[in-house]
Amino acid sequence: MTETGNEPPIDPRLLELLVCPLTKGPLRYDRLRNELVSDQAGLAYPIRDGIPVMLVDEARRLREDEAIPPELRAERDEDDR
Amino acid sequence: MTGDRPLRRNSEVLAELVPLEGARVLDLGCGAGDLLRWLLRRKADAFGLDPQLPLLLRAAGTVGPERCIAGRAEALPFADGSFDAAIFFNSLHHLPETVMPAALAEARRVLRRDGRLLVVEPIAAGGYFEVMRPVEDETVVRAAARRAVRAAAGRGWRLEVEREYTTLVPVAGPAELISRLAAADPGREARLGEVRSRIERLYARHRLRDARGRTVLEQPMRVDLLRPD
């Protein structure tokens, strides 16, 4: 999979509506890979032409070192603001 | 010719049963976005969900990707209480019967307490149904959708309105119908080639003219309005 950076980003309002279809937990937006990451499920959902693909079959399984420990997650969210 | 069902447009019935202006509405099984476009014209804050990305890309071409989500009705990617209304328009019967209860439970979850769910389904009768029957006989799956809605009433849902009507679907000719059926489900292509002549014969038998002189096929419809109990 290539990371072009040319893919249209997801609309922020749409992002606010979305949760992981499996865990119903929060998603974090990985801008670089243009994916929506569910740390709880260990899955990354792709975004194709600006459309979030919230299908478990289409999701990428996270490598162990990619998952962000929960205690660090809040901090990271703060940094994004 | 329409039995005791009144002649109505789908859009009229929908607008009567769901307040749309400013409401956040989820179109479940939005396909290429016909209903989504209509909801947006009615000033609804509408979003469409469908598992088929090729269809969604077509929808996104007109309504914008910010209103389109690839996903399954039985595993909705939305937070609890996100929507004022959800609509299954001609889509519930496309789900496997085994996941229908989960899909209805998910719709319940993403709706607000005072939200409403509209299930609009074609009845397995009428000219349109008869003409498409050689391609795909939906009698069984439509009955399954009906059972699922019935079963939901009392299990988290209250059935507030149930209504039947007949709608007239403009179909200029058999070729148009065939391309429409192929567009709705790309898996039908091979079957459509085999039954072309039967569709042509059935079309000639069932076609009617509406008040404006257009060639139409009758499709009886059923709508159920469910509210969280």
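Our subject in this report is the structure included herewith. (Residues numbered from 1 in each chain as written. Chains lettered and ligands numbered in written order. Predicted model: local features only at pLDDT ≥ 70, side-chain atom pairs only at ≥ 80, totals over all residues. Heavy atoms only, no water.)

**Thoughts on the overall build of chain A**
Part 1 of the argument: Regarding its fold elements, chain A presents 2 helices and 5 strands.
Part 2 of the argument: N-terminal to C-terminal, the α/β element order of chain A is α-β-β-β-β-β-α.
Part 3 of the argument: Per-residue burial over chain A gives 43% buried out of 81 residues.
Part 4 of the argument: Long-range contacts, defined here as pairs at least 24 residues apart, represent 36% of the contacts in chain A between residues at least 6 apart. (Helix = DSSP H or I, 4+ residues; strand = E, 2+ residues; numbered from the N terminus. Buried < 20%, exposed > 50% of the residue type's maximum accessible area, 1.4 Å probe, protein only. Contact = heavy atoms within 4.5 Å.)

**Observations regarding the pattern of salt bridges**
Oppositely charged side chains may form a pair once their charged atoms are brought near each other.
Residue and element names in this part refer to chain B.
Part 1 of the argument: A complete count under the given rule lists 37 salt bridges over all chains for this structure.
Part 2 of the argument: Note that R158 and D229 form a salt bridge whose closest N and O atoms lie 4.0 Å from each other. Taken together, the residues R158 in strand β6 (residues 157–170) and D229 in the segment after β8 (215–228) connect sequence positions 71 residues apart.
Part 3 of the argument: Of the residues examined, R158 reaches a relative accessible area of 37% and is grouped as partly exposed.
Part 4 of the argument: Among the residues examined, D229 registers a relative accessible area of 49% and is labelled partly exposed.
Part 5 of the argument: Among the ionic pairs, R214 bridges to D210, the shortest N-O distance being 2.8 Å. (Salt bridge = Lys/Arg side-chain N within 4 Å of Asp/Glu carboxyl O.)

**Here we look at the nonpolar core**
Part 1 of the argument: Judged by nonpolar contacts, the single largest core of 43 residues is most densely connected at L18 and L36 of chain A together with L26, L28, F78, F88 and L117 of chain B.
Part 2 of the argument: Leave out the neighbours within four places in its chain, and L18 of chain A touches I10, L27, L36, P52 and M54 of chain A together with I69, P77 and F78 of chain B.
Part 3 of the argument: The next biggest cluster of nonpolar side chains, apart from the first, holds 32 residues, and it includes V53 of chain A together with V63, V120 and V223 of chain B. (Core = buried A, V, L, I, M, F, W, Y, C linked by side-chain atoms within 4.5 Å.)

**A closer look at the interface of chain A and chain B**
Part 1 of the argument: Taken together, the contact pairs 17 residues of chain A with 25 residues of chain B.
Part 2 of the argument: Remark: the boundary between chain A and chain B carries 3 salt bridges.
Part 3 of the argument: Here K24 of chain A makes a salt bridge to E106 of chain B, at a shortest N to O gap of 2.6 Å.
Part 4 of the argument: At the boundary of chain A and chain B, one finds 7 residue pairs in polar contact (both at pLDDT 80 or more).
Part 5 of the argument: Elements supplying a minimum of two residues to the side of chain A that touches chain B: α1 (12–17) and β4 (51–52) of chain A. (Polar contact = N/O pair within 3.5 Å; in protein donor to acceptor, adjacent residues only side chain to side chain.)

**As for the pairing of strand β3 (residues 43–48) of chain A**
Residues and elements named next belong to chain A.
Part 1 of the argument: With 5 of 6 residues buried, β3 lies mostly within the body of the structure.
Part 2 of the argument: Across 4 bridges, the pairing between strand β2 (residues 35–38) and β3 is antiparallel. Residue pairing in the sheet places L36 in a bridge with Y45 of β3.
Part 3 of the argument: Note: β3 against β4, 2 bridges, orientation antiparallel. (Pairing = 2+ DSSP bridges.)

**A short note on helix α4 (residues 100–110) of chain B**
Part 1 of the argument: When α4 of chain B is considered as a whole, its buried residues turn out to be M100, A103, L104, E106, A107, R109 and V110 of chain B.
Part 2 of the argument: The inward-facing, buried residues of α4 of chain B abut β1 (24–28), β4 (83–89), β5 (111–122), α6 (139–152) and β6 of chain B.

**Remarks on the pairing of strand β2 (residues 45–50) of chain B**
All names here are of chain B.
Part 1 of the argument: Of all 6 residues in β2, 6 are buried, a share of seventy percent or more.
Part 2 of the argument: Residues D45, F47 and L49 of β2 are buried on one face, and the alternating residues A46, G48 and D50, pointing to the opposite face, are buried as well.
Part 3 of the argument: Pairing geometry for β1 and β2, over 5 bridges, is parallel. Looking at the pairing, V25 lines up with A46 of β2.
Part 4 of the argument: After leaving β1, the chain enters helix α2 (residues 34–41) and then returns to the sheet as β2, a path that is right-handed. (Right-handed = clockwise from strand over helix to strand, strands pointing away.)

**As for the packing of aromatic side chains**
Residue and element names in this part refer to chain B.
Part 1 of the argument: Under the definition given, this model contains 2 aromatic pairs over all chains.
Part 2 of the argument: Between F47 and F83, the ring centres sit 6.4 Å apart and the planes meet at 75 degrees, which makes this aromatic pair edge-to-face. In this pair, F47 is assigned in strand β2 and F83 in strand β4, connecting sequence segments 36 residues apart.
Part 3 of the argument: Among the residues examined, F83 registers a relative accessible area of 0% and is labelled buried.
Part 4 of the argument: For the ring pair F78 and F83, a centre distance of 5.1 Å and an interplane angle of 85 degrees mean the geometry is edge-to-face. Like F78, the residue F83 is buried in the burial classification.
Part 5 of the argument: Following the ring pairs from residue to residue traces out a cluster consisting of F47, F78 and F83.
Part 6 of the argument: Looking at R67, its charged tip hangs above the ring of F47, at a distance of 5.2 Å from the centre. (Phe/Tyr/Trp six-rings, centres within 6.5 Å; stacked < 30°, edge-to-face > 60°. Lys NZ or Arg CZ within 6 Å of the ring centre and 35° of its normal.)

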